[in-house]
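Here is how the chains run, residue by residue.
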Amino acid sequence: MHSPQDNSQFERQKPVYLQLNFQIVCAVVLIAVIGVSSVTPAFPKLAKDLNIKPKNLGLLITAFTLPSLILGPIIGILADRLGRKIISSVFYAATGFAVLIFFVFRYCTCR
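Computed from a predicted structure; not experimentally measured.

### Remarks on the packing of helix 4 (residues 57-82) against helix 5 (residues 84-107)
Then comes step 1: Taken N-terminus to C-terminus, the directions of helix 4 and helix 5 make an angle of 125°; their axes are 6 Å apart at the nearest point. When the axes of helix 4 and helix 5 are compared, the pair comes out oblique. Touching Ile 75, Leu 78, Ala 79 and Leu 82 of helix 4 are Arg 84, Ile 86, Ile 87 and Phe 91, all from helix 5.
Then comes step 2: Its residues placed into classes, the contact of helix 4 with helix 5 shows seven nonpolar, no polar and one charged.

### A closer look at the packing of aromatic side chains
Then comes step 1: Counted according to the given criterion, the structure contains one aromatic pair.
Then comes step 2: Aromatic pair Phe 103 and Tyr 107: ring centres 5.3 Å apart, planes at 45°, arrangement tilted. Taken together, the residues span about one helical turn, with Phe 103 and Tyr 107 both in helix 5 at a distance of four residues.
Then comes step 3: The class for Phe 103 is partly exposed, based on a relative accessible area of 45%.

### Thoughts on the packing of helix 2 (residues 20-39) against helix 4
For any two helices packed against each other, one specifies the crossing angle of their axes together with the interaxial distance.
Then comes step 1: Closest axis-to-axis distance for the helix 2/helix 4 pair is 11 Å, and the angle between their directions is 145°. Crossing geometry of helix 2 relative to helix 4 is assigned as right-handed. In this structure, helix 2 uses Gly 35, Val 36 and Val 39 to contact helix 4, whose residues at the interface are Ile 61, Phe 64 and Thr 65.
Then comes step 2: Along the lines of polarity and charge, the residues of the contact of helix 2 with helix 4 split into four nonpolar, two polar and no charged.

### Section: the pattern of salt bridges
Then comes step 1: This structure, assessed with the given rule, holds one salt bridge.
Then comes step 2: In this structure, Lys 45 engages Asp 49 in a salt bridge whose closest nitrogen and oxygen atoms are separated by 2.9 Å. With Lys 45 and Asp 49 both in helix 3 (residues 43-49) and four residues apart, this pair spans about one turn of that helix.
Then comes step 3: The exposed category is assigned to Lys 45, whose relative accessible area is 56%.

### Concerning a nonpolar patch on the surface
Then comes step 1: On the surface, Leu 66, Leu 69, Ile 70, Leu 71, Ile 74, Leu 78, Leu 82, Ile 86, Val 90 and Phe 91 cluster together into a nonpolar patch covering about 920 Å² of accessible area.
Then comes step 2: Contributions of two or more residues to the nonpolar patch are made by helix 4 and helix 5.
Then comes step 3: No other element matches the seven residues that helix 4 contributes to the nonpolar patch.
Then comes step 4: Among the secondary structure elements, Leu 71 is positioned in helix 4.
Then comes step 5: Taking the relative accessible area as the measure of exposure, Leu 71 reaches 43% and is therefore partly exposed.

### Points about the confidence of the model for the protein
Close inspection of predicted coordinates is inappropriate for parts of the model with low pLDDT.
Then comes step 1: Mean pLDDT for the protein: 81, with 87% of residues reaching 70 or above.
Then comes step 2: Confidence, expressed as mean pLDDT per element, reaches its minimum in the protein at helix 1 (residues 4-7) with 56 and its maximum at helix 5 with 90.

### Quick look at the environment of Ser 37
Then comes step 1: Within the secondary structure layout, Ser 37 lies in helix 2.
Then comes step 2: Ser 37 gets classed as partly exposed once you look at its relative accessible area, which sits at 41%.
Then comes step 3: With 24 residues separating them along the chain, Ser 37 and Ile 61 place their C-alpha atoms 9.7 Å apart.

The rules behind each value
Residues numbered from 1 in each chain as written. Predicted model: local features only at pLDDT ≥ 70, side-chain atom pairs only at ≥ 80, totals over all residues. Heavy atoms only, no water. Axes fitted to C-alpha atoms, helices over the stretch in contact; angles between N-to-C directions. Helix = DSSP H or I, 4+ residues; strand = E, 2+ residues; numbered from the N terminus. Parallel < 35°, antiparallel > 145°, perpendicular 65-115°, else oblique. Contact = heavy atoms within 4.5 Å. Nonpolar A, V, L, I, M, F, W, Y, C, P; charged D, E, K, R; others polar. Phe/Tyr/Trp six-rings, centres within 6.5 Å; stacked < 30°, edge-to-face > 60°. Buried < 20%, exposed > 50% of the residue type's maximum accessible area, 1.4 Å probe, protein only. Left-handed = near helix turned anticlockwise from the far one by under 90°. Salt bridge = Lys/Arg side-chain N within 4 Å of Asp/Glu carboxyl O. Patch = residues over 30% accessible without salt bridge, like charges linked within 9 Å, V, L, I, M, F, W, Y side chains within 5 Å. Areas by Shrake-Rupley, 256 points an atom, 1.4 Å probe, with all protein chains shown as cover. pLDDT = per-residue confidence, 0-100.

The structure is reproduced here in structure tokens:
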């Protein structure tokens, strides 16, 4: 006959909106939208400083979001295979290096 373990697959599951994985996915999407929204107030000044026509600001938003759209799944797969700590460490180091380079070129260049 059937053991009690076989019946576990037929137990009623929580609704999707109450599952933790779904809530995490929604939070990540919300944070991504907030990330784009947080830089848009700077676009008019950037457009003026870079002599970009206001109608081309959409291209600037695309240039800001397209790398994350393309690299997000790739980085996710790498994080699953190599581990989140390794991937996070690499990107933190790369960010620190980029900040250092910007600092050097901003304050240490000969004039």
